[in-house]
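Analysis of the macromolecular model
Okay, here's what each chain looks like letter by letter:
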Number of protein chains: 2
Amino acid sequence: MTASSENALKERQFKIVGTRPLRPDGIDKVTGRARFGADMTAPGMLIGKVLRSPHAHARIRGIDASKALALAGVKAVVTHADFSKVGADLDDVSCNVMARDKALYDGHAVAAVAAVSGAVAAKALRLIDVSYEILPHVTDVEAAMGADAPVLHEDMFTSGIRPKPDRASNVVHRHEFGHGDVAQGFEQADVVVERHFTTAATHQGYIEPHACLGSVGPDGQGELWCCTQGHFYVRNACAAMLGMDLSHLRVTASEIGGGFGGKTTVFIEPVALALSRKAGRPVKVVMSREEVFRASGPTSSTAMTVKIGATRDGRITAAEAELKFQGGAFAGSPVDLGAMTAFACYDLKNVKTVAYDVVANRPKQAAYRAPGAPMAAFAVEGVMDELAGKIGMDPIALRLKNAAEAGTQSSYGPKFGPIGFVETLVAAREHAHYSAPLGPHQGRGVASGFWFNFGGQTCVSLNLHADGSVALAVGTPDIGGSRASMGQMAAEELGIDYDKIHTIIADTSSLGYNDISEGSRVTFSTGLATIQAARDAITKLCGRAAQFWGIPEDAVVWEDGHARPAGANAGDFEPLSLAEIAATAAKTGGPIAGHCEISAEGAGVSFATHIVDAEVDPETGRAQILRYTVVQDAGKAIHPSYVEGQYQGGAVQGIGWALNEEYIYGDDGRLQNPSFLDYRIPVASDLPMIDTVIVEVPNPGHPYGVRGVGETSIVPPLAAVANAVSAAAGVRLTELPLSPPRVLEAIDGMAAEDEA
Amino acid sequence: MTASSENALKERQFKIVGTRPLRPDGIDKVTGRARFGADMTAPGMLIGKVLRSPHAHARIRGIDASKALALAGVKAVVTHADFSKVGADLDDVSCNVMARDKALYDGHAVAAVAAVSGAVAAKALRLIDVSYEILPHVTDVEAAMGADAPVLHEDMFTSGIRPKPDRASNVVHRHEFGHGDVAQGFEQADVVVERHFTTAATHQGYIEPHACLGSVGPDGQGELWCCTQGHFYVRNACAAMLGMDLSHLRVTASEIGGGFGGKTTVFIEPVALALSRKAGRPVKVVMSREEVFRASGPTSSTAMTVKIGATRDGRITAAEAELKFQGGAFAGSPVDLGAMTAFACYDLKNVKTVAYDVVANRPKQAAYRAPGAPMAAFAVEGVMDELAGKIGMDPIALRLKNAAEAGTQSSYGPKFGPIGFVETLVAAREHAHYSAPLGPHQGRGVASGFWFNFGGQTCVSLNLHADGSVALAVGTPDIGGSRASMGQMAAEELGIDYDKIHTIIADTSSLGYNDISEGSRVTFSTGLATIQAARDAITKLCGRAAQFWGIPEDAVVWEDGHARPAGANAGDFEPLSLAEIAATAAKTGGPIAGHCEISAEGAGVSFATHIVDAEVDPETGRAQILRYTVVQDAGKAIHPSYVEGQYQGGAVQGIGWALNEEYIYGDDGRLQNPSFLDYRIPVASDLPMIDTVIVEVPNPGHPYGVRGVGETSIVPPLAAVANAVSAAAGVRLTELPLSPPRVLEAIDGMAAEDEA
């Protein structure tokens, strides 16, 4: 994209994009009409329930389900043996859905029952006799890396180290990357700060537990209704585990009561289908909250060391990080994404990052909003904060001095195109919040964050009705307002009212493959496909008008919702509206549609800077968030209210993660707090109004400049909150969550140090 | 199409088309897994019930629902006032769905209730006080045409007659058409036969009553699940009656338990939606069998006079018909279709047809398989049979002598292209059945029939999955095996196994507009669109292969399921299968799909000739069908078992219509037999095995030659059975049904005549 086209994008005037129409799912959700995962039933439906391991690590010697099967009303029992062998890409998923030889964590599914009622199914679970050989376990990431740690997978040999290891380990891989010479860089530094950080595993905390209704007939044809962020992925994973052709399974995504990354994989869905296939009846499975905590996908707990050196005037000379993430019982923690995002905000000459992916006896992690990045930013931005203090520089000024810009070689490799990091820093510095006075025991924290934003496979169909209204069929579940934003982009492109467009989430047989609603890809990718589908429809609309007027197709242009003759020789005709052309479509060749199937490329990275004020009660150690401001580059905000909602939601989840949320395991390896009573997410009274500032530096890879907003917003809060609480407490806090006992301990420790 | 391409079509070898794969809905239907109209539920769902007029004709002075609304558990009452004013095209439909000023027939809906249970709703119906002014009524078609008949619509003036009438009438219109000089033709005849015929109204007799689940939120967004032959039409009709944009209503077609034309309109669907909108909760409405009989759409009762003259050697010199069809309480009987099909089998120099569309105090008729044609054929083929007898000619020979062929100017106007009527006559004549011996009291009947077959608006999307299996999304509900036949055509075109394709019926928001599954249009139109969508996908597949090989797109051809380099300079590459190309689609540009939106043209007319043997018990008048053979031109039979099933089903429904089925009205204008106990459809023990012969004279308007088979098969049976029974009884029978009392009366009348 040339500079002039970039400017054109910046200055483009929109009619519908940027406005704030009512959310299309709002009334459905507040009136209870929206159908979630558990809201579907089928005639003859059974209830499925899952038997879960009470042991953190145990070999399964045998499963005897004969007593359960003998219970009246029990129609089927399945174990891992009922699933097909899958490819390497899904083997872990399959073993997580149902344990194969070993139960690898407290809550790991070992069998499942389908029965005529939930009560019968629950009773049947108690009649299944599992013979376990209990094995030693490990749940802490650094302990799991120890030479004497119990090994989860005897065939797991760490990749990325030399010499090639000769014994199994819980370390999946070691990755190292960077550029420049870090040792030399640290030599040039006037000040070096190095700290060790830890974060606890947290859960996405979505309100709706996983729920589905599956059905497979004796002809091998299946249907699945489920709450998910990606029903096409669910289709592929379930079909593989059931040994079905993809065309034989039709998956419909229900309304979704929160996902945040946690609904990007499968847990109960293949189980419901396998039970249904065996029982010959539809099977509904709904997780309890306890099951969600014990056996869905929380994020990694981590241990990280970050070291940054700078000159007295604030120029960073070297930066280095070592990140250790445990991803639960299977490979695939987001440590690599964390490592790539760690230093992405900065223009660094010398940078090195080392990442360790580690397994431990915990539930297999799932994505959680910008997977890996919040923890990495917590460590890096904590060190940046301390560094600013040591050299006596304003923390935003330090970041501005080292900020990545267009042309910067990123710490993870590629050169950045146009980006908006500097713009977020400037907007934060100029925000009234940043210069507001603070009271006693109060502190202000600042932190920045980065996320890639994804593209990927996307299919959209747009059908014009005879009355000029439009059905827009997309395949990405709406997790953050995409029905509205897609409708806005289609209306903008077609030149019609937003109200004329109704966006639906099509099932897996009605549309081509769509990647999961994740990675902040939807507004970018599905938006791109929507715009292209609209342009496809416009081409056809112009063709019909040309046919009607008897002029060449290229003598017709689409402007402001109308086909118009264009050019000197096109002729003088009254413009035809979309509705007018659609009304006669049956007689001019048939219905008019626009389609687009793409692997979307050109996603634009985004940055955010957060400011937070906290007050710490020195008597209890309790931290209260007083004020919070999110500044983030959206590229282009299609529906600003939803963008602000994403900013606010990311901040709130980050506040919870920073202050209170954590998976607590006992010595027995069992999760001690699997409920919202004991796992404390922020409630309204914990929070101030989250203020937001939308920065718009257009992404040249999208026709309207969209970047994606859902994930970057959760990257800075852990660090911003920790920086604020550290300032308020007067002591650097490096272990999350900053729960009252931990803060109190740090204050007491500091006092003891002072006294000593 | 040239003669050589016609021959190519005749001689084309198919791999999958013409085979008989298992029906995809079979197991679902026999195991109860298939979800029909009544099988859907929603949280908070209410039950809707309809209050129906007990009077055949009554002015509605007022409706007081206050007592019903006061009943605990009643959530809404609707009357006609709750629906929007609709355009002229839907005004009758709207007034049929819910009476406006007058109840026009026994069973006409006047109000509806939604309540928390069916029992409460039923009780509430009894609490609704409707003040009726009872008016005189008329139910017989010829009586309704009388000058002194009670007039249903005071604003209905017969069109098509001169002088323009000055008073209202029950005759909607008089249409007359034909060619040549009929009077002159009859002068040239050696023999003239003229007869008056009547047929009773019959019902399609589908097993599944109308059922739906509708939901409209306070935001005006609606959803509807219903059993229908055309959910896009239902969407349009309901949206109009509710005053909604088409994009605001999403309709999903359930599995359908029979329709045969009777599910091509709306009855309870707008009512469920209006109740839901008012109650704020989803509403399910399921008709009882009594409601289906009293208030859905049976076919017309008719009175017809046919006169045909011929020379002694069997050449028809003139043919004339006067057809009077009552269409129930509203305009729109299928008399025009009956009139157009009446003489369509024959090559006639002089032909005239007069059609009267008449209203009477009966439920508004709906389509019933080849609407209008079976009755017209009953009359024409009855006269043909008598004529053959009078000139001592074999009835098939008489038909062959006058048979329409390619180039014949049809009795209804256009010239025929390649048609297969002669082929059906020859095949019938040569069938062993035709020369088999008959016993005492047995008779053989022959009759032919014609149907147009329709085209129309059709949209298909075809999505290739990564494993090479295919989802085929069509928008025409599968009423006769179309999921299989579409899958076969897609597999044939793509060159892959049939099992790799799964056909689904997409909802109204996932696909563009599709006309109703009616008029035998689906295998032709949706087939055409499927083939074109497959070709669209093939173009893209070849493009990906070209990209992979680095050669021009036009240097790639698709053969036998593989992309292959073609031409001298294309290069030497291993062919790539569909599955291979699909597997890498994500990396070569995105998912691959094929789409087609058309108004299908080029439908091919079809003909059938039936042979039937009947035996009449002279003591009781009961007629038993002994043997039955259907010979029909399919154009091309995609799935021969389904084609044979259509042939058999048409014959069986025709046998019921001919022998026993009839709507019986009392003097009070109320239907006396609204149940399957009193309305007698054929059961297995009434029927012989129906033998079938598939003739294939390809339709040049379809790539594989498809014509359509569902309707022509019901056109000859009324006449064929009546001709056989007349032969067995020894007396010409002209009034249907040929129920035992009526046959006995005819035998007795003949005996009395003989004695006199």
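Residues numbered from 1 in each chain as written. Chains lettered and ligands numbered in written order. Predicted model: local features only at pLDDT ≥ 70, side-chain atom pairs only at ≥ 80, totals over all residues. Heavy atoms only, no water.

Attention now moves to the overall build of chain A. Secondary structure assignment for chain A yields 22 helices and 26 strands. For a compact globule of 756 residues, the expected C-alpha radius of gyration is about 27 Å, and chain A comes in at 27 Å, within 12% of that figure. Expressed as lengths along the three principal axes of its C-alpha atoms, the size of chain A is roughly 90 × 75 × 50 Å. Every one of the 756 residues in chain A was classed for burial, and the buried ones make up 63%. Once local pairs closer than 6 in sequence are excluded, the contacts in chain A between residues at least 24 apart make up 79%. (Helix = DSSP H or I, 4+ residues; strand = E, 2+ residues; numbered from the N terminus. Rg over C-alpha atoms; globule rule 2.2 N^0.38 Å. Buried < 20%, exposed > 50% of the residue type's maximum accessible area, 1.4 Å probe, protein only. Contact = heavy atoms within 4.5 Å.)

Residues and elements named next belong to chain A. Here chain A is partitioned into domain 1 (429–445 + 604–756) and domain 2 (455–600). Once you take the C-alpha centre of each, domain 1 and domain 2 turn out to be 41 Å apart. Listed as interface residues are 15 residues of domain 1 and, on the opposing side, 18 residues of domain 2. Buried surface at the junction of domain 1 and domain 2, summed over both partners, amounts to about 1,200 Å²; 62% is from carbon and sulfur atoms. Across the contact surface, domain 1 and domain 2 share zero salt bridges. Linking domain 1 with domain 2 are five residue pairs in polar contact (both at pLDDT 80 or more). Residues of the side of domain 1 that touches domain 2, tallied by class, amount to six nonpolar, seven polar and two charged. (Domains from an automatic or database assignment. Buried area = accessible area lost by both parts, 1.4 Å probe. Salt bridge = Lys/Arg side-chain N within 4 Å of Asp/Glu carboxyl O. Polar contact = N/O pair within 3.5 Å; in protein donor to acceptor, adjacent residues only side chain to side chain. Nonpolar A, V, L, I, M, F, W, Y, C, P; charged D, E, K, R; others polar.)

With that settled, consider the pattern of salt bridges. Residue and element names in this part refer to chain A. Applying the stated criterion across every chain, the model contains 85 salt bridges over all chains. The residue Glu 255 makes a salt bridge to Arg 483 at a minimum N-O spacing of 2.7 Å. One end of the pair, Glu 255, is in the loop between β11 (249–253) and α9 (269–279); the other, Arg 483, is in helix α16 (residues 482–494), and 228 residues separate them in sequence. The exposure classification of Glu 255 matches that of Arg 483, with both residues buried.

So, about the relation of the copies chain B and chain A. Expressed as a screw operation, the relation of chain B to chain A combines 0.0 Å of axial shift with a rotation of 180°, fitting to an RMSD of 0.0 Å. The superposition operator between the copies reduces to a two-fold rotation axis. Interface residue correspondence from chain B to chain A reaches 100%, placing this contact among same-surface, isologous pairings. (Least-squares fit on C-alpha atoms with pLDDT ≥ 70 in both.)

Once that is clear, we can look at helix α17 (residues 522–549) of chain B. All names here are of chain B. Over its 28 residues, α17 extends 39 Å from the first C-alpha to the last, a length consistent with the 40 Å expected when each residue adds 1.5 Å. Across the 28 residues that make up α17, a large majority, 20, are buried. Looking one or two places after α17, you find Gly 550, whose phi comes out positive at around 70°. (Expected span 1.5 Å × (residues − 1).)

Once that is clear, we can look at the packing of helix α13 (residues 395–402) of chain A against helix α14 (residues 421–430) of chain A. Residue and element names in this part refer to chain A. Remark: α13 packs on α14, axes separated minimally by 10 Å, with the N-to-C direction vectors making an angle of 160°. One finds that α13 runs roughly antiparallel with respect to α14. In this structure, α13 crosses over α14, and the sense of that crossing is left-handed. Note on element contacts: α14 touches α13 through Val 422, Leu 425, Val 426, Ala 428 and Arg 429, opposite Ile 396, Arg 399 and Leu 400. The residue inventory of the contact of α13 with α14, partitioned by class, reads six nonpolar, no polar and two charged. (Axes fitted to C-alpha atoms, helices over the stretch in contact; angles between N-to-C directions. Parallel < 35°, antiparallel > 145°, perpendicular 65-115°, else oblique. Left-handed = near helix turned anticlockwise from the far one by under 90°.)

With that settled, consider the packing of aromatic side chains. This structure, assessed with the given rule, holds 42 aromatic pairs over all chains. Plain terms: the ring middles of B:Tyr368 and B:Trp657 are 4.9 Å apart, the flat faces sit at 5° to each other, and that makes the pair stacked. Note that B:Tyr368 is positioned in the loop between β15 (351–358) and α12 (373–391) and B:Trp657 in helix α19 (residues 640–659), a separation of 289 residues in sequence. Each member of the pair, B:Tyr368 as well as B:Trp657, carries the same accessibility label: buried. Geometrically, the ring pair formed by B:Phe450 and B:Phe452 is edge-to-face, given 5.2 Å between the ring centres and 80° between the ring planes. Three or more aromatic residues joined by ring pairs form one cluster here, namely A:Tyr346, A:Tyr412, A:Phe416, A:Phe421, A:Phe450, A:Trp451, A:Phe452, A:Phe454 and A:Phe607. The aromatic ring of A:Phe186 is capped on one face by A:Lys307, whose charged end is 4.3 Å from the ring centroid. (Phe/Tyr/Trp six-rings, centres within 6.5 Å; stacked < 30°, edge-to-face > 60°. Lys NZ or Arg CZ within 6 Å of the ring centre and 35° of its normal.)

Here we come to the side chain of A:Asn170. Residues and elements named next belong to chain A. Turning to its location among the elements, Asn 170 is positioned in the loop between α6 (141–144) and β7 (171–179). At a separation of 3.1 Å, a polar atom in the side chain of Asn 170 contacts the main-chain carbonyl oxygen of Ala 144. With sequence-adjacent residues up to four places away left out, Asn 170 is seen in contact with Val 138, Ala 144, Ala 149, Pro 150, Val 151, Leu 152, Met 156, Asp 357, Val 358 and Val 359.

Another point: the interface of chain B and chain A. With 61 residues of chain B at the contact, the number on the chain A side is 61 residues. With both chains or domains summed, chain B and chain A bury close to 4,700 Å², and 49% of this area falls on carbon and sulfur atoms. Inspection of the chain B/chain A interface yields six salt bridges. In this structure, B:Arg35 engages A:Glu223 in a salt bridge whose closest nitrogen and oxygen atoms are separated by 2.5 Å. Where chain B meets chain A, there are 32 residue pairs in polar contact (both at pLDDT 80 or more). Of all elements in the fold, only α2 (26–31), β9 (211–216), β10 (222–226), β17 (456–464), β18 (470–474), β19 (501–505) and β23 (593–600) of chain B reach the threshold of two or more residues within the side of chain B that touches chain A. Residues of the side of chain B that touches chain A, tallied by class, amount to 23 nonpolar, 23 polar and 15 charged.

We now examine the confidence of the model for chain A. Low pLDDT means the predicted atomic positions in that stretch should not be read closely. Per-chain confidence: chain A averages 96 in pLDDT, with 99% of residues scoring 70 or above. The ipTM for the predicted assembly is 0.94, set against a pTM of 0.96. (pLDDT = per-residue confidence, 0-100.)

All names here are of chain A. With respect to topology, four strands assemble into an open sheet ordered β16-β24-β25-β26, the strand pairing being mixed. At either margin of the open sheet sits one strand with a lone partner, and together these are β16 (442–451) and β26 (690–695). Averaged over all pairs of adjacent strands, the angle between their axes in this sheet comes to 15°, without regard to strand direction. Note that β16 and strand β24 (residues 606–616) share 10 bridges and pair antiparallel. Bridge pairing in β24 links Val 446 to Ile 611. Contacting β16, β24, β25 (623–633) and β26, α14 crosses the sheet at an angle of about 30° to β24. Here helix α20 (residues 640–659) sits on the sheet in contact with β25 and β26, set at roughly 130° to β26. (Pairing = 2+ DSSP bridges.)

Residues and elements named next belong to chain B. Topologically, Gly 645 is positioned in helix α19. For Gly 645, a relative accessible area of 30% translates into the label partly exposed. When the C-alpha positions of Gly 645 and Gly 32 are compared, they lie 21 Å apart, and in sequence the two are 613 residues distant.

All names here are of chain A. Most of strand β5 (residues 109–115) is tucked away, with seven of its seven residues classed as buried. Summarising the sheet, strand β1 (residues 46–52) and β5 pair through six bridges and their orientation is antiparallel. Residue Lys 49 lies in a different strand from β5, and its bridge partner there is Val 113. Across four bridges, strand β3 (residues 74–78) lies against β5 in antiparallel orientation. Paired with Val 77 across the strands is Val 113, a residue of β5.

Moving on: the sheet that holds strand β6 (residues 129–134) of chain A. Residue and element names in this part refer to chain A. An order of β4-β2-β6 is seen for the three strands of this open sheet, with the pairing classed as antiparallel. With one partner strand each, in any of the chains shown, β4 (102–103) and β6 form the two edges of the open sheet. Direction of pairing for strand β2 (residues 58–64) relative to β6: antiparallel, over a ladder of six bridges. Among the inter-strand pairings, Ile 60 is bridged to a residue of β6, identified as Tyr 132.

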